[in-house]
Amino acid sequence: MDYLLSLAVDPAAWIALLALIAMEVVLGIDNLIFIAILTNRLPEHQREKGRRIGIGLALIMRLLLLGSIAFIVKLTNPLFSVLGQEFSSRDLILITGGLFLVWKATKEIHHRVDLDPGPDLFDRKNVSLGFAAAMGQIVMLDVVFSVDSIITAVGMTEHVPIMIIAVVVAVLTMLLAANPLSNFIIANPTIVMLALGFLLMIGTALIAEGFGVKVPKGYIYAAMAFSALVEGLNMIERRSRRSRPD
């Protein structure tokens, strides 16, 4: 209790908490975009349930990982080396998750640009997605994003209570934003392609980071913000054009 009280009156702890909350919310955007796109493929009556379960699983995984920080820290220890490049468990998780994101985004983009792809890898005989299949894919990406989130938290502060508060606030923010974001994507189909492009970029960055190439996240989120701004201007232009008298 004395430890918690000392943190509560420590200005440095509050600064660390605010910085970590901001970082966790930004990192959660990737997770949320994937959940929003995937659950929009579910039957309408299952979408909100899928989002809540997916985000709830993200919170549970993050809290479980926080409870095993000693194990998480060991994930950064090298396991083996290939041609002088060392790989840790975290690197392998990031590479696997990145490859999955690239594959998933490429598959969805292919479905949207080719209405009749034929009987190939991207055959879309069944355009809907089963609930269990959606949850399985969300769980896989929740693991990737949770590991990255917790390792970031460990690097920013040594106080576990601060990490827990920041993670809970970030996931609650995801929960509040899930339905509005999903509804916005449904109402604006062009946003889907933009979001898939974001997932493709995020997946590529995860793969690069797994191979030891550090891509500053600020560049990635700046590119996403700029692209979203341009698409927002396009949406305003389209609405103005529709409301303009002939």
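Rules of the game
Residues numbered from 1 in each chain as written. Predicted model: local features only at pLDDT ≥ 70, side-chain atom pairs only at ≥ 80, totals over all residues. Heavy atoms only, no water. Pairing = 2+ DSSP bridges. Helix = DSSP H or I, 4+ residues; strand = E, 2+ residues; numbered from the N terminus. Axes fitted to C-alpha atoms, helices over the stretch in contact; angles between N-to-C directions. Parallel < 35°, antiparallel > 145°, perpendicular 65-115°, else oblique. Left-handed = near helix turned anticlockwise from the far one by under 90°. Contact = heavy atoms within 4.5 Å. Nonpolar A, V, L, I, M, F, W, Y, C, P; charged D, E, K, R; others polar. Patch = residues over 30% accessible without salt bridge, like charges linked within 9 Å, V, L, I, M, F, W, Y side chains within 5 Å. Areas by Shrake-Rupley, 256 points an atom, 1.4 Å probe, with all protein chains shown as cover. Salt bridge = Lys/Arg side-chain N within 4 Å of Asp/Glu carboxyl O. Buried < 20%, exposed > 50% of the residue type's maximum accessible area, 1.4 Å probe, protein only. Core = buried A, V, L, I, M, F, W, Y, C linked by side-chain atoms within 4.5 Å. Phe/Tyr/Trp six-rings, centres within 6.5 Å; stacked < 30°, edge-to-face > 60°.

Participant: Go over the pairing of strand β2 (residues 85–88) with me, naming the residues and quoting the values.
Facilitator: The sheet contact formed by strand β1 (residues 78–82) and β2 spans four bridges and is antiparallel. Each bridged residue has a counterpart across the sheet, and for F80 the counterpart in β2 is F87. Once β1 ends, the chain turns through two residues before running back antiparallel as β2, passing L83 with a positive phi of about 55°.

Participant: Tell me about the packing of helix α3 (residues 44–66) against helix α7 (residues 160–187), residues and numbers included.
Facilitator: At a closest axis distance of 10 Å, the pairing of α3 and α7 adopts a crossing angle of 160°. Judged by the inter-axis angle, α3 sits roughly antiparallel to α7. Where α3 crosses over α7, the two elements pack in a sense that is right-handed. Within the contact between the two elements, α3 uses R47, E48, R51, R52, I55, L59, R62, L63 and L66 and α7 uses M163, I164, V167, V168, V171, M174, L175, A178, N179, S182 and I186. Across the contact of α3 with α7, the residue classes tally to 13 nonpolar, two polar and five charged.

Participant: Before we move on, can you summarise a nonpolar patch on the surface with the specific residues and values?
Facilitator: Together, L79, F80, V82, L83 and L92 give the surface a local cluster of nonpolar side chains, amounting to about 510 Å² of exposed area. With three residues, the single largest contributor to the nonpolar patch is β1. Tracing the sequence through the fold places L79 in strand β1. Note on L79: relative accessible area 52%, which makes it exposed.

Participant: So what about the nonpolar core? Which residues, and what values?
Facilitator: Counting 52 residues, the largest nonpolar core has F34, L101 and L199 as its most contacted members. Mapped by element, the contributors of at least two residues to this core are α2 (11–39), α3, α5 (89–113), α6 (131–156), α7, α8 (189–210) and α9 (217–243). Here this core gets 12 residues from one element, more than from any other, and that element is α2. For F34, the contacting residues outside a window of four places in its chain are F100, L101, K104, Q137, I138, L141 and L199.

Participant: Go over the packing of aromatic side chains with me, naming the residues and quoting the values.
Facilitator: According to the stated counting rule, one finds four aromatic pairs in the structure shown. Summarising the aromatic geometry, the rings of F87 and F211 are spaced 5.5 Å apart at their centres and angled 85° between planes, so their arrangement reads as edge-to-face. Of the two residues, F87 sits in strand β2 while F211 sits in the loop between α8 and α9, which places them 124 residues apart along the sequence. On the accessibility criterion, F211 (43% relative accessible area) is partly exposed. Ring centres of F100 and W103 lie 6.0 Å apart, and the angle between their planes is 40°; this geometry places the pair in the tilted category. Here F100 pairs with W103, and both are found in helix α5, just three residues apart, close to one helical turn. Judged by relative accessible area, W103 falls into the partly exposed class, the value being 35%. One aromatic cluster is present, formed by F34, F100 and W103 through successive ring pairs.

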